[in-house]
Amino acid sequence: MIGIFDSGYGGLTILNHIRQRLPEYDYLYLGDNARAPYGTRSFDVIYEYTLEAVNYLQKRGCQLIILACNTASAKALRSIQQNDINPDEIRVLGVIRPTVEVVPTRTRTKHIGILATQGTVASESYVIELQKQDPELVITQQACPMWVPLIECGEHMHEGADYFVEKYLTELLARDPLIDTIILGCTHYPLLQEKIEAFLANQSISAQSVSVVAQGEIVAESLADYLERHQDIAERAMAGSRGSCTFLTTESANKFSDSASIFLDEEILAKHIEYSVISQT
Ligand code: DGL
């Protein structure tokens, strides 16, 4: 079974693509909605919560876990991989590495914008990893601290969200008008993608058209490639699978089911799990 973890709803934007690409596996999704957002929390807290989730998903039978959360990938993944897990038993992968491997091929101006949480921006993970791919890339980061709360509250589809979409995009493009590629470096942000693209289509700050990169397809393709290259892990993760998907949330199961059903465009029945239970794992 493959575990997918996020602070809340954001990981659904990754799960959706992974399930389309690899429908034969069983999936266990864990959204820590009760403690979201993670993006404004300290390194220690994000690491602690992410490690609890990894241990819990392993206990529930996952042999492979995707941190479908940039903040957790930036702040906790490396420590967990190096210090906390036995790679013979479980593998934990993130979403930043697959993204930085693909994006440099998509920019013409070599000017890239990163929209992410404060935690991801402060970690500089995207800047460091992208410049390893191509030292000539010019990277400008913009933290968007209001976007995840808007999405977790279900306000992202309404007019109020337009103000904050405009605010962060205007700030980003004013700092570098040559940006032609913007990475949605938080898995929640594709839920605002329509508004983001509508704003970009109407603005006149940059001369060139700006393309927006969401991570779902990229991560799904990278996972398929990883499983192809690691047949032993693929076999273990596949054992007994029936193509099922179970959803767990630390917040209200009803609220999660309603919102997730809209995001995934299918009927979801989530189960509630107390975060104190996850913490005790
Ligand atoms: N969806 C997450 C990310 O990709 C975390 C958002 C949050 O909880 O602040 O960064």
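Just above sits the structure.
Thresholds, definitions, all that
Residues numbered from 1 in each chain as written. Predicted model: local features only at pLDDT ≥ 70, side-chain atom pairs only at ≥ 80, totals over all residues. Heavy atoms only, no water. Helix = DSSP H or I, 4+ residues; strand = E, 2+ residues; numbered from the N terminus. Rg over C-alpha atoms; globule rule 2.2 N^0.38 Å. Buried < 20%, exposed > 50% of the residue type's maximum accessible area, 1.4 Å probe, protein only. Contact = heavy atoms within 4.5 Å. Areas by Shrake-Rupley, 256 points an atom, 1.4 Å probe, with all protein chains shown as cover. Lys, Arg positive; Asp, Glu negative; His and termini not counted. Charge placed at Lys NZ, Arg CZ, Asp CG, Glu CD. Pairing = 2+ DSSP bridges. Axes fitted to C-alpha atoms, helices over the stretch in contact; angles between N-to-C directions. Salt bridge = Lys/Arg side-chain N within 4 Å of Asp/Glu carboxyl O.

Engineer: Provide a residue-level description of the overall build of the chain, including the pertinent values.
Structural biologist: The helix and strand tally for the chain stands at 14 helices and ten strands. In terms of overall size, the chain behaves like a compact globule, its C-alpha atoms giving a radius of gyration of 18 Å where 281 residues would be expected to give roughly 19 Å. Counting across all 281 residues of the chain, residues that qualify as buried make up 55%. Within the chain, contacts between residues separated by at least 24 positions form 79% of all contacts whose residues are at least 6 apart in sequence. Total accessible area computed for the chain in this model is approximately 12200 Å², and 47% of it derives from carbon and sulfur atoms. Seen as two clouds, the 22 positive and the 37 negative side-chain charges of the chain have centres 3 Å apart.

Engineer: Break down the side chain of Glu129 for me, citing the residues and quoting the values.
Structural biologist: Tracing the chain through its elements places Glu129 in helix α7 (residues 125–133). In contact with Glu129, other than residues within four places in its own chain, are Arg78, Arg97 and Val100.

Engineer: Give a description of the sheet that holds strand β5 (residues 111–116) that names residues and reports values.
Structural biologist: Spatially, the four strands line up as an open sheet ordered β6-β5-β7-β8, and their pairing is parallel. Only two strands of the sheet have a single neighbouring strand rather than two, namely β6 (138–143) and β8 (211–213). For this sheet, the mean angle separating the axes of adjacent strands, direction not counted, is 25°. Sheet topology places β5 next to β6; six bridges connect them, and they run parallel. Considered in β6, the bridge of Gly113 is made with Thr140.

Engineer: Provide a residue-level description of the pattern of salt bridges, including the pertinent values.
Structural biologist: In total, this model carries ten salt bridges according to the counting rule given. With its nearest N and O atoms 3.5 Å apart, the salt bridge here joins Glu266 to Arg19. With Glu266 in the loop between α13 (253–264) and β10 (271–272) and Arg19 in helix α1 (residues 12–21), this pair connects stretches of sequence that are 247 residues apart. The partly exposed category is assigned to Glu266, whose relative accessible area is 35%.

These values are about where atoms sit, not about what they do.
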